[in-house]
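Residue-level structure breakdown
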Amino acid sequence: MTRWEQWLADQTRARESAGLVRELRSRPADDELMDLAGNDYLGLARDPRVTEAAAAATKIWGAGAGASRLVTGTLDVHTALEEALADFMGWPAALVCSTGYHANLAVVTALADRDARIISDAHIHASLIDAARLSRAAIQITDHNDVSAVAAALAAEPGRRTLVLAESVYSVLSDAAPLVELARVCADHDALLIVDEAHGLGVAGAGGRGLVAESGLAAHAHVVTTVTLSKSLGAQGGGVLGSAALIRHLVNRARPFIYDTALAPAAAAAAHAALDVLRQEPQRPELLRRRVEGLAGSLGVRAPAGAVVSVEMASPQIAVAAQAAALAGGVRVGCFRPPSVPDGISRLRITANAGLPDAAWERACDVVRRVVDEHRRAD
């Protein structure tokens, strides 16, 4: 056995002993299970208006964009999506990337360098963590949603170019950030607040426009927003929203944007069509909110700001067993275990879905309630 084979074997044994083994499981197209694990919050991924837009774009433009955006990869579907996204969320301009992960990498690495510093909430997504590390800026991590800690960190080095990283709705606990307060302290110290709206778009705020718009911070001089197109919009890709000057800077300096092949035409057209549906049907986010609150109440947990109901489990092993029990009952639920959870607590991650018919939703909730009750007793 080579040194690397031994190392891989040791890593496998360590994961197994900790109950942290992860595996890929292929999902068939005709899957009959009710999905409360995925991120298709509004049920738009298979909406005929969305899939037909994707198919039409593929026939017009082909399966891929064919190049990076600065070569020949900027297509009319990208420009139209960027204009629609900026208009919907209340920003002057937007830039679309191939993933939400790339959007976060792009904006942070293009704005921060060795001369800058980053103040990061302890619960930010892995994409923002990686972006901060790649930027080579000095990094300070503050306790989750602790505005006073952010303010103190900003006051400690006045005048230094600083980014503050937060999510509007956090992905694991599904709690909201104190955006108004964060924006205020950033403005006081001339810092820039980067807000990831991955779990806010289509879910929170009036008509699903997100918490940045709901908080009156869209187009704020000290705020920049990132989004993903792969959750509520049911497609793929990501975007950065900000001033026209910011977008010009990213086009010229953001390596994850410059050196990446442009978002596939099908995904761009699908996201645009989903955005149109969201405009036309603001009742979808309203239904999602009712379902989230109802499920959380029946499970005896706090109603989240987003679409994800988080239920603590006593151990990774119990969380996995609960997930398997739900699957046996015909319902897919998520399972978060370390290191995917920032506080080290294993959880069931149960996603509300506005796309399920009422009867199916109620059946799914019945299964989840039974499974959670049984496995809480297993503590």
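Small disclaimer: the values here were computed from a predicted structure and weren't measured.

**Description of the environment of Ala-264**
Within the element layout of this structure, Ala-264 appears in the loop between helix H11 (255-258) and helix H12 (265-280). Accessibility expressed as a relative area gives 28% for Ala-264, which makes it partly exposed. Between the C-alpha atom of Ala-264 and that of Ala-57, which follows or precedes it by 207 residues, the distance is 9.2 Å.

**A word on the sheet that holds strand S5 (residues 162-167)**
Reading across the sheet, the seven strands line up as S2-S8-S7-S6-S5-S3-S4 and stay open at both edges, with mixed pairing between neighbours. Sheet topology places strand S2 (93-97) and strand S4 (138-142) at the edges, where each strand pairs with a single neighbour. Taking each pair of neighbouring strands and ignoring which way they run, the sheet shows an average axis angle of 20 degrees. Most of the contacts of helix H4 (residues 76-89) go to S2, to which it runs at about 130 degrees, and overall it touches S2, strand S7 (223-228) and strand S8 (238-242). In this fold helix H8 (residues 179-188) packs onto S5, strand S6 (192-196) and S7, with an angle of close to 155 degrees to the strand it touches most, S6.

**As for the side chain of Ser-135**
Mapped onto the elements of the fold, Ser-135 is located in helix H6 (residues 126-135). Take Ser-135: its relative accessible area is 3%, and that puts it in the buried class. A polar contact is formed between the side chain of Ser-135 and the backbone nitrogen of Ala-137, at a distance of 3.2 Å. Contact partners of Ser-135, with chain neighbours within four places excluded, come to Val-108, Thr-109, Ala-112, Asp-113, Arg-114 and Ile-118.

**Quick look at the environment of Ala-65**
With respect to the secondary-structure elements, Ala-65 resides in the loop between helix H2 (48-61) and helix H3 (69-73). Residues Ala-65 and Gly-238, 173 residues apart in the sequence, show an inter-C-alpha distance of 15 Å. With residues near it in sequence (within four places) discarded, Ala-65 still touches Thr-72, Gly-73, Leu-75, His-78, Ala-262, Leu-263 and Pro-265.

**Examining the pairing of S7**
The element S7 is largely enclosed, with a buried count of six among its six residues. Neither face of S7 is open: one carries Val-223, Thr-225 and Val-227, the other Val-224, Thr-226 and Thr-228, and all of them are buried. Pairing analysis gives four bridges linking S6 to S7, with the strands arranged parallel. Bridging across to S7, Leu-193 finds its partner in Val-223. Note that S7 and S8 share four bridges and pair antiparallel.

**Details of the pairing of S5**
Summarising burial for S5: six of the six residues are buried, a large majority. Of the two faces of S5, the one carrying Thr-162, Val-164 and Ala-166 and the one carrying Leu-163, Leu-165 and Glu-167 are both buried. Inspection of the sheet shows strand S3 (residues 117-121) paired to S5 by four bridges, in the parallel sense. Looking at the pairing, Ser-120 lines up with Leu-165 of S5. Where S5 and S6 come together, five bridges link them in parallel fashion. If you follow Glu-167 over to S6, its bridge partner there is Asp-196. With H8 bridging S5 and the parallel S6, this β-α-β connection has right-handed handedness.

What counts, and at which threshold
- Residues numbered from 1 in each chain as written.
- Predicted model: local features only at pLDDT ≥ 70, side-chain atom pairs only at ≥ 80, totals over all residues.
- Heavy atoms only, no water.
- Helix = DSSP H or I, 4+ residues; strand = E, 2+ residues; numbered from the N terminus.
- Buried < 20%, exposed > 50% of the residue type's maximum accessible area, 1.4 Å probe, protein only.
- Pairing = 2+ DSSP bridges.
- Axes fitted to C-alpha atoms, helices over the stretch in contact; angles between N-to-C directions.
- Contact = heavy atoms within 4.5 Å.
- Polar contact = N/O pair within 3.5 Å; in protein donor to acceptor, adjacent residues only side chain to side chain.
- Right-handed = clockwise from strand over helix to strand, strands pointing away.

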